[in-house]
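Descriptive structure summary
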Amino acid sequence: MAFREPHDLHKRRWSRNLGLGIVLAVFVALVFGLTIVKVTNDPLRLDNGQLKPASALDQGGN
Amino acid sequence: MTDASFETQTETGEAQFGDYVALLKPRVMSLVVFTAAVGLLAAAATVPGGVHPFIAFFAVLCIAIGGGASGALNMWYDADIDRVMKRTSGRPIPSGRVQPEEALAIGLTLSGFSVVMLGLATNWVAAALLAFTIFFYAVIYTMWLKRWTPQNIVIGGAAGAFPPMIGWAAVTGDITLASVLMFGLTFLWTPPHFWALALFMNSDYEKAGVPMLTVTHGRRTTRRHIFAYTFPLAALAIGLGFTTVGGPIYLTAAVVMNLLFVKGAWDILRRDEATAEADKYKVEKRYFAFSLLYLFVHFGAILAEAALRPWGMGGW
């Protein structure tokens, strides 16, 4: 199988394609990390996995 | 796109990844990151259980990207001004490396992305504040105030002052006196900071037709304005020391820094243009550099108070 010589355009745009690839990979990692944190810190559940009673629920953001 | 257009791109310089990063104004972003992180950590120190480190990191990242997005929108709209000014002529759009439409697309995309992600990660109060900050900087300041009034940076300074408030809201979901005063600190600091810069960068703004105070009202008036602003700033900065984020470390730092800041403004006020030109604006340049340290020390002291709180030492 023969590989063609990369076009000049691809050579010139190598840095931005690589940069964009890294940014997208980081984005995926961040969303994955956020999901894990949100799921393991569910304010609606107690440590044993049971749902908290309504009276025990905190107000606010996190 | 034809081959001919590729050739044109090469002649003007192909955009590299760094050019797109430059659109986000990384130096401004560093101030945004620092003040937002301080606001967030100060709030976390006052909330039982604090905040998860990953959420904190993610929130600051979103605020930074939102700030960067507004920077890209600013560069898109201000490309004509940037082309004329020596300080900004090397930016990606005036130098031809990035097309204006690309900057607009990046600015809008990152704006939406940062606001939605901040809302999902923390709460919608923080997200709304971030959205308002982007709108304020890109529309109110860049499109309206900057070219219209010499009070442009006074009102426009609000955009750079919001990050600690957003950081605070990301943890508490709330706007409180402490977060409003942290906003006020940067808000009142901005005019003397930028006017000191304008005193020794005057010709640039004049050439671009930006109505800076130095251009419309002269340098004498600008010197008076710098001096006048240091008093409400000092009162607010010291007042912040008595809120939930303050403490003995912050208060000591605030008193010392504000005395020096007023003294520096007094030195600027006493000088005339002949003296300033003779020593190449040495005092004004020193004051500008000190103003950066001023803000860093204030927010650094708030951070120190928050960091010492778990050991029962920070705060009152």
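Along the backbone of chain A there are two helices and zero strands. The proportion of buried residues among the 62 residues of chain A is 3%.

Assigned secondary structure in chain B consists of 16 helices and zero strands. Its C-alpha atoms give chain B a radius of gyration of 21 Å, near enough to 20 Å, the size a compact globule of 316 residues would have. Taken along the three principal axes of its C-alpha coordinates, chain B extends 70 × 55 × 25 Å. Expressed as a percentage of the 316 residues in chain B, the buried residues total 50%. A sequence separation of at least 24 residues applies to 74% of the contacts in chain B between residues at least 6 apart.

With that out of the way, let us pick up the environment of S179 of chain B. If you trace the backbone, S179 of chain B turns up in helix α10 (residues 177-200). Sequence-wise, S179 of chain B and M165 of chain B are 14 residues apart; in three dimensions their C-alpha atoms are separated by 5.0 Å.

Glancing now at the environment of G312 of chain B. All names here are of chain B. Positionally, G312 belongs in the segment after α16 (282-308). Look at G312 and you get exposed, because 7 C-beta atoms sit within 10 Å. Here the alpha-carbon distance between G312 and L240, two residues 72 residues apart in the chain, equals 20 Å.

What follows deals with the interface of chain A and chain B. Contacts between chain A and chain B engage 14 residues on the former and 18 residues on the latter. Elements that contribute at least two residues to the side of chain A that touches chain B include exactly α1 (8-12) and α2 (14-40) of chain A. It is α2 of chain A that provides the largest number of residues to the side of chain A that touches chain B, a total of seven residues.

So, on to the nonpolar core. Residue and element names in this part refer to chain B. Grouped together as the largest cluster of nonpolar side chains are 103 residues, with contacts concentrated most on L40, A59, I63, A72, L118, L130 and I166. With 15 residues, helix α4 (residues 53-77) is the largest single contributor of residues to this core. Three or more residues apiece are contributed to this core by two domains, here domain 1 (17-173) and domain 2 (176-316). Setting aside residues no more than four positions away along its own chain, L130 makes contact with I63, G66, S114, V115, L118 and I166.

Turning to the packing of helix α6 (residues 100-121) of chain B against helix α7 (residues 124-145) of chain B, a few remarks are in order. All names here are of chain B. In the contact formed by α6 and α7, the axes pass within 7 Å of each other and the chain directions differ by 160 degrees. Here α7 runs roughly antiparallel to α6, going by the angle between their axes. Remark: the crossing between α6 and α7 carries right-handed chirality. Contacts between α6 and α7 involve S111, S114, V115, L118 and G119 on the former and, on the latter, W124, A126, A127, L130, A131 and I134. Considered class by class, the residues forming the contact of α6 with α7 number eight nonpolar, three polar and no charged.

Moving on, we come to the domain arrangement of chain B. Residue and element names in this part refer to chain B. What the domain assignment reports for chain B is domain 1 (17-173) and domain 2 (176-316). Contact with domain 1, which involves 29 residues of that partner, is made by 26 residues of domain 2. Sorting the residues of the side of domain 1 that touches domain 2 by element identifies α3 (26-46), α5 (79-84), α8 (152-161) and α9 (163-172) as the ones contributing at least two each. Grouping the constituent residues of the side of domain 1 that touches domain 2 by class yields 18 nonpolar, seven polar and four charged.

Conventions used here
- Residues numbered from 1 in each chain as written.
- Chains lettered and ligands numbered in written order.
- Predicted model: local features only at pLDDT ≥ 70, side-chain atom pairs only at ≥ 80, totals over all residues.
- Helix = DSSP H or I, 4+ residues; strand = E, 2+ residues; numbered from the N terminus.
- Buried ≥ 20, exposed ≤ 12 C-beta atoms within 10 Å, placed from the backbone.
- Rg over C-alpha atoms; globule rule 2.2 N^0.38 Å.
- Contact = placed C-beta atoms within 7 Å.
- Core = buried A, V, L, I, M, F, W, Y, C linked by C-beta atoms within 7 Å.
- Domains from an automatic or database assignment.
- Axes fitted to C-alpha atoms, helices over the stretch in contact; angles between N-to-C directions.
- Parallel < 35°, antiparallel > 145°, perpendicular 65-115°, else oblique.
- Left-handed = near helix turned anticlockwise from the far one by under 90°.
- Nonpolar A, V, L, I, M, F, W, Y, C, P; charged D, E, K, R; others polar.

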